[in-house]
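Chain residues, written in single-letter form:
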Amino acid sequence: MLTGAELAVVGFTLRIAALGTALILVPGILVALALARYRGPGKSILETILALPLVLPPTAVGMVLLSLLARRGPVGRWLESAGIEIVFTWKAVLLATMVMAFPLLVRSARTGFEEVDPRLIGLARTLGCGPLAAFFRVTLPLAWRGVLAGTVLAFARALGEFGATIMIAGNIPGRTQTLALAIFQASQVGRDDRAQVLAGVTVLLAFVTLWTAELFTRRRARRTAT
Amino acid sequence: MIEIGLELPLARFSLRVDARLGDGITAIMGPSGSGKTSLLEAVAGLRPRTRGRIVLNGTTLLDATAGVRLRPEHRRVGYVPQDAGLFPHLTALDNVRFGARGATDRVRAAVETLELTPLLARHPATLSGGEKQRVALARSLASDPRLLLLDEPLAALDVGLRERIVPYLLRIHDEWRVPVLYVTHGVGEALTLAESVLLLREGAVEAHGPALDLLSRPALSRAAEAGIENLLTAQVVAHDEEGGTSRVVLDDGTSLSVPRLSGRQAGDAVSLAIRAEDIVVATEPVHGLSARNVIEVRISAIDRVGHDALLYCVRTAGGRPWLVRITPSAVASLGLVSGQAVWLAIKSHSFRVL
């Protein structure tokens with residue numbers, strides 16, 4: 001049903017999505033926590049900036065990344081001197097998915113953290129927990145629903161990333177081609193049958209991802225039934 | 001001994017408390033919004049803006065000028081907030097275990113003291129208000145605190161006696177020997193449980209001393225108008241199955257007849273409550289009365305509480321005073337004066353078992 005090359009694309013897409021989600025998980029949780037707790041000035045500006053990639057055309061985000069990473073760009077120059085090549089490699093695919101998925105993770109996790117009564121954290125402290133222990137024993141278990149939802153959304157978003165990826169990673173079969181790019185290419189060259197199969201695979205992957213999370217959430221919810 | 005000299009800016013005023021509190025139970029009273037909860041949180045270390053000094057039995061928890069500010073996790077101060085603050089994702093047992101660091105003996109003892117065995121598997125959402133408070137108290141005790149801070153909302157509400165934390169507080173005081181700061185609106189509790197009362201008003205200490213001395217203060221007498229209860233701790237002596245009563249004895253040797261105490265055995269401790277207005281006063285020994293209890297006492301003082309008169313009556317043997325609330329006209333027509341011997345008559349059924 002799937003050719004060897006297509007299977008490789010599916011595998012590559014899954015690996016990139018999983019790795020990208022894993023890499024943004026800890027920083028995403030930290031940023032979400034900071035936003036949930038921070039009450040000072042500039043909070044709304046910070047939140048708006050973080051939400052921007054959600055509403056911008058992904059190609060625009062890709063363009064920003066590209067100008068940063070280009071050989072003469074501020075980051076690119078430094079990377080070149082360090083001998084690191086990103087643009088038009090799998091690392092660029094990873095970067096694009098991370099940038100696009102990050103705000104989704106933060107948004108959802110932040111909501112989860114905001115729902116945790118800060119007094120419970122204070123109480124955990126009076127019961128002998130340091131800040132870190134209080135986070136792992138109280139904050140995270142109470143916010144896990146939001147964190148999980150954010151992680152799943154981020155992974156699903158990473159699976160389907162197209163615009164930013166094509167800008168900074170191109171569409172190089174065997175090197176930077178993900179499912180979304182492969183669908184586009186198959187359709188461009190008139191292989192609508194292959195494009196349909198690949199689209200079907202994408203739908204299936206997204207469905208399984210969301211459904212698994214849903215089942216998991218339900219089972220946990222029943223255990224701590226209110 | 002707890003030495004407190006702290007200042008904490010609040011929204012409408014600053015909380016300023018200078019007091020030396022004893023190792024027993026200190027009741028913190030005062031109108032809503034007078035800073036009672038803020039005081040507890042400051043002592044627990046949950047208010048970073050607190051300045052001043054807090055020294056608990058020689059351990060400095062806070063000394064702002066010397067730069068000492070013990071983190072809450074190092075203070076070993078147990079805090080039970082108004083809503084109990086249980087962790088909703090944990091069962092009652094896991095809540096109690098939370099701060100125990102594996103000290104199963106303490107967990108077991110705390111569960112026993114607060115009688116939590118039937119509740120252990122349940123999640124907080126399924127517990128009643130009083131049950132939550134008991135779990136939260138056990139959670140604090142199991143963490144081996146040097147001081148307990150208890151913010152009790154239930155005393156102010158008209159809740160069932162089973163919901164009341166008082167009998168457990170007595171047990172904690174007797175068995176665990178932990179000093180307690182106890183926010184309450186119940187004058188009866190302050191009178192019978194507390195070594196002293198710290199009366200707050202707009203963040204300042206309006207008065208501090210034994211509850212009896214403070215009863216004439218407006219804040220206390222207003223609370224007293226809602227009802228004063230005598231709270232007693234007694235020991236079961238015997239049951240009278242046919243008479244439908246049980247006999248108990250107080251610490252001072254007074255023997256009382258109370259409603260049949262089912263499920264308690266001779267020697268068991270029991271907490272009883274009797275409302276000050278449910279006690280009848282006679283100037284001579286009374287006979288031929290249906291009330292099963294007649295106690296000879298001496299009036300040590302007569303005060304006003306709202307529109308009523310409040311008698312403080314002590315037994316010759318000593319012990320806690322009995323509070324009796326009667327109308328001023330009864331005082332006048334009986335010619336009651338301080339120092340006079342009187343007899344208190346109490347129906348068995350007026351006693352309520354806590």
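Residue numbers here run from 1 along each chain, matching the order of that chain's written sequence. Chains carry letters and ligands carry numbers; both start at the beginning, A for chains and 1 for ligands, and go up in the order they are written. At least 70 in pLDDT is required for a residue's local features to be given in this predicted model, at least 80 for side-chain atom pairs to be given and counted, and no such filter applies to totals for whole chains, interfaces and linings, which use all residues.

1. Observations concerning the overall build of chain A
Test applied: For helices the rule is a DSSP run of H or I covering at least 4 residues; for strands it is a run of E covering at least 2, with both sets numbered from the N terminus onward. Here a residue counts as buried when 20 or more other C-beta atoms sit within 10 Å of its C-beta, as exposed when there are 12 or fewer, and as partly exposed otherwise, the C-beta atoms being derived from the backbone. Contact criterion: two residues are in contact if their C-beta atoms, reconstructed from the backbone, are within 7 Å.
Counting its regular elements, chain A contains 10 helices and zero strands. A principal-axis box enclosing the C-alpha atoms of chain A has dimensions of 65 × 45 × 30 Å. For chain A, the proportion of its 226 residues judged to be buried stands at 36%. A sequence separation of at least 24 residues applies to 76% of the contacts in chain A between residues at least 6 apart.

2. Structural notes on the sheet that holds strand E20 (residues 341-346) of chain B
All names here are of chain B. Formally: The criterion for strand pairing is that DSSP finds at least two bridges linking the strands in question. As a rule, the C-alpha atoms of each element are fitted with a line to give its axis, helices using only the stretch in contact, and angles between N-to-C directions run from 0 to 180 degrees.
Read across the sheet, five strands follow the order E16-E20-E17-E18-E19 without closing on themselves; strand pairing throughout is antiparallel. Two strands in the sheet have a free side with no partner beyond their single neighbour: strand E16 (280-282) and strand E19 (318-326). Direction aside, the axes of adjacent strands within the sheet are offset by 45° on average. Direction of pairing for strand E17 (residues 293-305) relative to strand E18 (residues 308-315): antiparallel, over a ladder of seven bridges. What sits directly across from Arg-304, in E18, is Ala-309.

3. Comments concerning the pairing of strand E9 (residues 180-183) of chain B
Residues and elements named next belong to chain B. On E9, burial covers both faces: Val-180 and Tyr-182 on one face and Leu-181 and Val-183 on the other are all buried. The sheet contact formed by strand E3 (residues 25-29) and E9 spans four bridges and is parallel. Each residue of the ladder has a partner; that of Ile-28, found in E9, is Val-183. As paired strands, strand E8 (residues 147-151) and E9 are joined by four bridges and run parallel to one another. Bridge pairing in E9 places Asp-151 opposite Val-183.

4. A word on the pairing of strand E7 (residues 77-80) of chain B
All names here are of chain B. Across the two faces of E7 the burial is the same, with Val-77 and Tyr-79 and Gly-78 and Val-80 all buried. Pairing geometry for E7 and E8, over four bridges, is parallel. Across the sheet, the residue bridging to Tyr-79 is Leu-149, located in E8.

5. A few points about the interface of chain B and chain A
How big an interface is tends to be stated in terms of accessible area lost as the parts join. Here is the rule: We call Asp, Glu, Lys and Arg charged. Ala, Val, Leu, Ile, Met, Phe, Trp, Tyr, Cys and Pro are nonpolar, and the rest, Gly among them, are polar.
Listed as interface residues are 18 residues of chain B and, on the opposing side, 15 residues of chain A. Secondary-structure elements contributing two or more residues to the side of chain B that touches chain A are helix H2 (72-75) and E7 of chain B. For the side of chain B that touches chain A, the class distribution of residues is nine nonpolar, six polar and three charged.

6. Section: the sheet that holds strand E21 (residues 352-353) of chain B
Residue and element names in this part refer to chain B. Strand order across the open sheet formed by five strands is E14-E13-E12-E15-E21, with antiparallel pairing between neighbours. With partners counted over all chains shown, the strands left at the sheet margins are strand E14 (255-259) and E21, one partner each. In this structure, strand E12 (residues 229-240) lies alongside strand E13 (residues 245-250), joined through six bridges in antiparallel fashion. In the sheet register, Ala-234 faces E13, and the bridge partner there is Leu-250.

7. A few points about helix H3 (residues 58-69) of chain A
Residue and element names in this part refer to chain A. Quick note on the threshold: Expected span, for any helix, means 1.5 Å times one less than how many residues it has. To obtain the arc, one takes the directions from the helix axis to the C-beta atoms.
If you check H3, its first and last C-alpha atoms are 16 Å apart, about what 12 residues at 1.5 Å a residue would give, namely 16 Å. Among the residues making up H3, those that are buried are Val-61, Gly-62, Leu-65 and Leu-69. For H3, the angular spread of buried residues about the axis comes to 100°, placing them on one side. Buried residues belonging to H3 abut helix H2 (43-55), helix H4 (74-81), helix H5 (90-114) and helix H8 (163-169).

8. A look at the nonpolar core
Heads up, the rule is: We define the nonpolar core as any set of buried residues of the types Ala, Val, Leu, Ile, Met, Phe, Trp, Tyr and Cys, connected via C-beta atoms lying within 7 Å of each other. For every domain, the bounds stem from an assignment made automatically or drawn from a database.
Membership of the largest hydrophobic core comes to 152 residues, with the highest contact counts inside it found for Ala-96 and Ile-168 of chain A together with Ala-138, Leu-149 and Tyr-182 of chain B. Looking at this core element by element, the count peaks at 15 residues for H5 of chain A. Taken together, domain 1 (2-226) and domain 2 (230-353) of chain B each give at least three residues to this core, which thus spans both. Once residues lying within four places of it in the same chain are set aside, the contact partners of Ile-168 of chain A are Gly-62, Leu-65, Leu-66, Leu-69, Val-87, Ala-92, Leu-95 and Ala-96 of chain A.

9. Overview of the environment of Ile-279 of chain B
Residues and elements named next belong to chain B. Residue placement: Ile-279 occurs in the loop between strand E15 (269-275) and E16. In sequence terms Ile-279 and Gly-67 are 212 residues apart; their C-alpha atoms lie 55 Å from each other. When residues no more than four places from it in sequence are discounted, the contact partners of Ile-279 are Ile-274, Trp-322, Val-324, Leu-344 and Ile-346.

10. Overview of the domain arrangement of chain B
All names here are of chain B. Once the domains are mapped, chain B shows domain 1 (2-226) and domain 2 (230-353). In this structure, domain 1 and domain 2 have C-alpha centres spaced 30 Å apart. Opposite the 15 residues of domain 1 that make contact, domain 2 presents 11 residues. The set of elements that each furnish at least two residues to the side of domain 1 that touches domain 2 consists of helix H6 (166-175), helix H7 (187-193) and helix H9 (218-225). The biggest single contributor to the side of domain 1 that touches domain 2 is H7, with five residues. Taken together, the residues that form the side of domain 1 that touches domain 2 break down as nine nonpolar, four polar and two charged.

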